[in-house]
Amino acid sequence: MNQLLNEAQVSLERPYEKCMAFGAASLTDAELLAIIIRTGRRGRSAEDLAKEILRLPADGSGLSGLCSLTAAELREVRGIGEVKAVQLLCIGELSRRIAAYRAEKSMSFEDPGSIAEYYMEQLRRDTQENVILLLLDTKNQFLGEELVSRGTVNASLISTRDLFLTAMRFRAVSVILVHNHPSGDPTPSDADLRVTEKVAQAGELLDIHLLDHIIIGDCRYMSFADSGLLKPGRVYVH
């Protein structure tokens, strides 16, 4: 009897059996990854490899940092080859898309917080500044989005001319700018202030209004409209 109990206990210590007995919610982050990885290497279990992977993100973010890892970084863990690296990358992408899908359901273009939530997982871990232009019609209905700039680690290069050419192509009546700060701090820089003023002024002349400029940080955001730096009919003033 004792032997049977011991065997049952050992079985339930394995992630797969534990999941079957108690559900996926009972698993640790390492155990969840171990089930995806399936096999380890000589002297190291799949769960051991999973724990190594969770230590890879430099910021100590663990499982949430999986989305920011590259295939090359994953393969640095002995026992993680190309196939397992691709599987893990796909898990990260699935999590991003699920988060975006949920946020999309509640997104309102009159609510900066809901816009920030939708773009948070897509942008907050990017190591470069990306600027996305959201295009809206007369009823603030979504017409589309365009990546208008992919910058460096500390700068975004926005062509106001190209931005409004895109807006006119979509026949947009108003636009919203969304971009990320790789530092994680969404506080606007002097360059952000200048760009916002320039775009707002050009938009007033073209009758294509800049409704907001939202900066995405790490689980934080800043809205020019909410902060009173940009209001309908009035451009940003230093």
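First, a word on what this report is: a plain description of the structure on this page. (Residues numbered from 1 in each chain as written. Predicted model: local features only at pLDDT ≥ 70, side-chain atom pairs only at ≥ 80, totals over all residues. Heavy atoms only, no water.)

Attention now moves to the overall build of the protein. Tallying secondary structure elements over the protein gives 9 helices and 5 strands in all. Across the 238 residues in the protein, those meeting the buried criterion constitute 39%. Contacts in the protein between residues at least 24 apart in sequence constitute 55% of all its contacts with a sequence separation of at least 6. Of the accessible surface of the protein, which amounts to about 13700 Å², a share of 52% is contributed by carbon and sulfur atoms. (Helix = DSSP H or I, 4+ residues; strand = E, 2+ residues; numbered from the N terminus. Buried < 20%, exposed > 50% of the residue type's maximum accessible area, 1.4 Å probe, protein only. Contact = heavy atoms within 4.5 Å. Areas by Shrake-Rupley, 256 points an atom, 1.4 Å probe, with all protein chains shown as cover.)

It is worth spelling out the nonpolar core at this point. In terms of nonpolar packing, the biggest core is built from 19 residues, with Phe 164, Ala 167, Val 175, Leu 177 and Leu 210 touching the most fellow members. Listing elements by their share of this core, those giving two or more residues are strand 1 (130-136), helix 8 (160-169), strand 3 (174-180), helix 9 (190-206) and strand 4 (209-216). Residue contacts for Ala 167: discarding those within four places in its chain leaves Leu 135, Ala 172, Val 175 and Ile 208. Leu 33, Ala 34, Ala 46 and Leu 69 belong to the second largest nonpolar core, which has 16 residues in total. (Core = buried A, V, L, I, M, F, W, Y, C linked by side-chain atoms within 4.5 Å.)

This part takes up helix 9. For helix 9, built from 17 residues, the straight-helix expectation of 24 Å at 1.5 Å per residue is met to within 8% by its first-to-last C-alpha distance of 24 Å. Among the residues making up helix 9, those that are buried are Asp 192, Leu 193, Thr 196, Glu 197, Val 199, Ala 200, Ala 202 and Gly 203. Packing partners of the buried residues in helix 9 comprise helix 8, strand 3 and strand 4. Asp 207 occupies a position one or two residues after helix 9 and carries a positive phi of about 60°. (Expected span 1.5 Å × (residues − 1).)

What follows deals with the environment of Leu 74. Position of Leu 74 among the secondary structure elements: in helix 5 (residues 71-74). With a relative accessible area of 0%, Leu 74 lands in the buried category. As for Leu 74 and Glu 52, which are separated by 22 residues in sequence, their C-alpha atoms are 9.5 Å apart. Once residues within four sequence positions are removed from consideration, Leu 74 is found in contact with Ile 53, Leu 56, Leu 66, Leu 69, Ile 80, Ala 85, Leu 88 and Leu 89.

Let's shift gears to the packing of helix 8 against helix 9. Where helix 8 contacts helix 9, the two axes come as close as 11 Å, and the packing angle between them is 45°. Comparing their axes, helix 9 and helix 8 come out oblique. Helix 8 and helix 9 meet at a crossing whose hand is right-handed. Residues Thr 160, Leu 163 and Phe 164 of helix 8 lie in contact with helix 9, whose contacting residues are Lys 198, Val 199, Ala 202, Gly 203 and Leu 206. (Axes fitted to C-alpha atoms, helices over the stretch in contact; angles between N-to-C directions. Parallel < 35°, antiparallel > 145°, perpendicular 65-115°, else oblique. Left-handed = near helix turned anticlockwise from the far one by under 90°.)

The next thing to look at is the packing of helix 3 (residues 29-37) against helix 4 (residues 46-54). Contact geometry of helix 3 with helix 4 gives a least axis separation of 8 Å together with a crossing angle of 115°. Remark: the crossing between helix 3 and helix 4 carries right-handed chirality. Between helix 3, through Asp 29, Ala 30, Glu 31, Leu 33, Ala 34 and Ile 37, and helix 4, the contact on the second element is made entirely by Ala 46, Glu 47, Leu 49, Ala 50, Lys 51, Ile 53 and Leu 54. The class makeup of the residues in the contact of helix 3 with helix 4 is 9 nonpolar, no polar and 4 charged. (Nonpolar A, V, L, I, M, F, W, Y, C, P; charged D, E, K, R; others polar.)

Note that all results are geometric; they support no functional claim without further evidence.
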